[in-house]
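One letter stands for each residue in the lines below.
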Amino acid sequence: NESNIYFYNLLQSIYLPENIDDTLVYYQQISTRMPWTSISFNAYKTIDLWWLICLTNKVYNPVKFPENGTVIKIIKPQYVSNILDEIRRKTV
C-alpha cells in the first residue's frame, strides 16, 4: 500500500521452482540488447509478461537489460495460462 494505492510486488511474491522441467521451457540467446518488455512481446505477443521472464531467470532488477550473448530461459507459451490461473486462485 502506497498513498492508498495497493500494488502487488510480483517479483517478491511469486515463487517458481528452482529447477523447472526442461520440457516446459525453451532457451533463447540474446543477440542484441533489448528491454524485458520486448523479449516478452517476442515470446508471448504481449509486453505484460516481462515479469515472468525475469522471475524465471532470477532477474530482480528489470531495469538492467540482459547483455548480448546471455542465454535466458522462457516458459513455453502453452504453459503460461496455467501459471496465471494459479496466481489468480491464490490472490482471490
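To be clear, the structure that these remarks concern was listed above.
Predicted model, so just to flag it, every value in this text is computed and none were measured.

Criteria and thresholds
Sequence order as written defines the numbering, with residues in each chain counted from 1. Where local features are concerned, this predicted model is filtered to residues with pLDDT of at least 70; where side-chain atom pairs are given and counted, the filter is 80 or more; whole-chain, interface and lining totals use all residues. Excluding hydrogens and water, the side-chain values take into account all heavy atoms of the structure. Secondary structure elements follow DSSP: runs of H or I no shorter than four residues count as helices, runs of E no shorter than two count as strands, and numbering proceeds from the N terminus. Any two residues whose heavy atoms approach within 4.5 Å are treated as being in contact. To sort residues, take the accessible area from a 1.4 Å probe on protein chains only and compare it with the maximum for the residue type: under 20% means buried, over 50% means exposed, and anything in between is partly exposed. If DSSP finds at least two bridges between two strands, the strands pair.

### Here we look at the environment of A43
With respect to the secondary-structure elements, A43 resides in helix α2 (residues 36-44). For the pair formed by A43 and K76, sequence separation is 33 residues and the distance between their alpha carbons is 8.2 Å. Leave out the neighbours within four places in its chain, and A43 touches Y26, I53, I74 and P77.

### A few points about the pairing of strand β2 (residues 71-75)
Within β2, four of the five residues are buried, which leaves the element mostly enclosed by the surrounding structure. One ladder, built from five bridges, connects strand β1 (residues 25-29) with β2; its direction is antiparallel. Looking at the pairing, Q29 lines up with V71 of β2.

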